[in-house]
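Single-letter residue listing:
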Number of protein chains: 2
Amino acid sequence: MPGPDQLGPAPRNRLLASLPPDDLARLLARFEPVELPLRRVLLGADQEIDAVYFPETCMISMIAALDGGDAAEVGLVGREGMVGIPLLLGSDRSPTEAMCQGSGIALRLSTSAFREEMDRSLVLRTTLLRYAQAFLEQVTQTAACNGRHLLEQRLARWMLMAHDRAEGDAFQMTHEFLAMMLGVRRAGISVAAGTLQKAGLIRYERGRMLIADRPGLEHASCECYGVVRRAYDRLVGPP
Amino acid sequence: MPGPDQLGPAPRNRLLASLPPDDLARLLARFEPVELPLRRVLLGADQEIDAVYFPETCMISMIAALDGGDAAEVGLVGREGMVGIPLLLGSDRSPTEAMCQGSGIALRLSTSAFREEMDRSLVLRTTLLRYAQAFLEQVTQTAACNGRHLLEQRLARWMLMAHDRAEGDAFQMTHEFLAMMLGVRRAGISVAAGTLQKAGLIRYERGRMLIADRPGLEHASCECYGVVRRAYDRLVGPP
DNA sequence: GCCCGGCCGTACGGAACCGGACCGACACGT
DNA sequence: ACGTGTCGGTCCGGTTCCGTACGGCCGGGC
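Basis of the calculations
- Residues numbered from 1 in each chain as written.
- Chains lettered and ligands numbered in written order.
- Predicted model: local features only at pLDDT ≥ 70, side-chain atom pairs only at ≥ 80, totals over all residues.
- Heavy atoms only, no water.
- Helix = DSSP H or I, 4+ residues; strand = E, 2+ residues; numbered from the N terminus.
- Rg over C-alpha atoms; globule rule 2.2 N^0.38 Å.
- Buried < 20%, exposed > 50% of the residue type's maximum accessible area, 1.4 Å probe, protein only.
- Contact = heavy atoms within 4.5 Å.
- Areas by Shrake-Rupley, 256 points an atom, 1.4 Å probe, with all protein chains shown as cover.
- Expected span 1.5 Å × (residues − 1).
- 1 Å grid on protein atoms, 1.4 Å probe; cavity = no way out; pocket = protein on both sides within 12 Å on 5 of 7 lines; lining within 4 Å.
- Points joined across faces, edges and corners; volume = space filled by probe spheres on them.
- Nonpolar A, V, L, I, M, F, W, Y, C, P; charged D, E, K, R; others polar.
- Near = heavy atom within 4 Å.
- Polar contact = N/O pair within 3.5 Å; in protein donor to acceptor, adjacent residues only side chain to side chain.

1. Regarding the overall build of chain A
When helices and strands are tallied, chain A shows ten helices and twelve strands. By the compact-globule yardstick of 18 Å for 239 residues, chain A fits well, its C-alpha radius of gyration being 18 Å. Based on the C-alpha atoms only, the size of chain A along its principal axes is roughly 60 × 40 × 30 Å. In chain A, buried positions account for 57% of the 239 residues. When contacts within chain A are restricted to residue pairs at least 6 apart in sequence, those whose partners lie at least 24 apart make up 74%. Working note: accessible area of chain A is about 10,000 Å², and carbon and sulfur atoms make up 51% of it.

2. A look at helix 8 (residues 186–198) of chain A
For the α-helix, the turn length of 3.6 residues means that residues three or four positions removed from each other point alike. Residues and elements named next belong to chain A. Helix length check: helix 8 (13 residues) gives 18 Å between terminal C-alpha atoms against 18 Å at 1.5 Å per residue, within 8%. Of all the positions in helix 8, only Gly 188, Ile 189, Ala 192, Ala 193, Gly 194 and Leu 196 are classed as buried. Elements in contact with the buried residues of helix 8: helix 6 (151–165), helix 7 (175–182), strand 11 (202–205) and helix 9 (214–220). Downstream of helix 8 by a residue or two, Gly 200 has a phi angle that is positive, lying close to 80°.

3. What to know about the layout of surface pockets
Computed from the structure, the largest pocket encloses a volume of approximately 800 Å³. If you go around the largest pocket, you meet 26 residues; those closest to its centre are Arg125(A), Leu129(A), Met118(B), Arg125(B) and Leu129(B). Those elements that provide at least two residues to the lining of the largest pocket are helix 3 (85–89), helix 4 (111–120) and helix 5 (122–145) of chain A together with helix 3 (85–89), helix 4 (111–120) and helix 5 (122–145) of chain B. Looking at the lining of the largest pocket, its residues break down into 14 nonpolar, five polar and seven charged. Counted as a void, the second largest pocket has a volume near 340 Å³.

4. Comments concerning the protein's contact with DNA strand C
For DNA strand C, the set of nearby residues contains 16 residues, the closest of which are His175(A), Arg186(A), Arg206(A), Gly207(A) and Leu151(B). The sugar-phosphate share of atoms of DNA strand C within 4 Å of the protein amounts to 48%. Here Tyr204(A) contributes a side-chain N or O atom positioned 3.0 Å from a phosphate oxygen of DNA strand C. One of the side-chain N or O atoms of Arg185(B) is found 3.0 Å from a base nitrogen in DNA strand C. The element contributing the most residues to the surface near DNA strand C is helix 8 of chain A, with three residues. Among the residues forming the surface near DNA strand C, the class breakdown is five nonpolar, five polar and six charged.

Structure, rendered in structure tokens:
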């Protein structure tokens, strides 16, 4: 029987951290830690899923492609989640692209190994299904939010979600990419971000952004941030 | 051993129809058929789920409430699906409201009975989880679609989705309700619907709408309709 | 040192849609 | 026959955001 000292450091991923020791140990033995660079694509849109990923220190965007080259971010995944929900629900391909938006470490598990572990452990299935529900609620809120709330509010919401999933107060991000993810022009982001910066809520320069006043930012955001945040706290557990 | 003649008519619900005979028989014995009138609310937003519903001839909207009294439809459920996904994923409450948009029959199963049957049957779990993935893809596409596609295209898309889930070419629907579901003004719907009617794609009068030219409507819609339709065909099976 | 590419500020006409409002048409109950 | 409530057509000024464009700034490579 392995003691806790043989398990290595506790995982920073909240889903893994909530598992019982023996389930966790089995998984940790099969994980491959991978360093994900910015913009790395983990899953292509409509392609077969070859592995699932549990973020430890990275941040992943789930992006739906529209024809005409447009794209839209529908969800953000960090330590509170995993990439590969379709596999969990019985599909072998992802309709959305998974792209790294914050470089860092993730724990990788091949599709076949993931299926074996899912078959073996009830608590793993239960935990991950509850996460799937939380993610569904995130996408649901995003659907309702898009087009109804002002760009400035949605930008504030995105900054808060990224802050929850990033390592510190700062992260690499350009207006160009934010524009793609929020489905607006780059110039629109420049204006909205400029307003938030003048208000002292954020700061940024050449591809780097940081949160300066988190309570103020929460006030500037639409209610969607809080709704999704509470859903995660309830279904996955508080950070 | 009960023969097929004791099962009654085959269910029109596609999820139930795809189950093996013995699983189906067990469920049918516990279902309570209910007649759902227009605008009946099956699940309140953020309330506990007391039962799940499998539509036979009705059509249900899943609606996210926003503060300020706004609301937004994020999914539509008909014979291809069920109402009560959160229960399936391990949550006991629904973040969205479920409201009847097309009156008809649904098969009702209490939460406790549903949990028992889920524990008992692997094939039931598998089937319903695949549906949950299809529904997630619908919500995902809706999130991407909102705000990026023109109202006229989104309206065409909604008409097609409703057509797939309605009994015939016509259904009761007012501009007022369409406006709420698509998150626009009632006057906006009147203009867009007027355009579609002038083009000969739909017809309507005082709370009744009907599809007049389905291929034409598919052409007028954004690609989101086809994307979601194919996802359902792949994950739930063709109608 | 100079050029080039990535990144951000800004501007302007126009499209889509909002918020509010008014009116006519129809259905229904009395 | 009449009032009442629902439904849909239309109009107006105003706002958000688009599409496009130009220019400035910074960092890195030759």
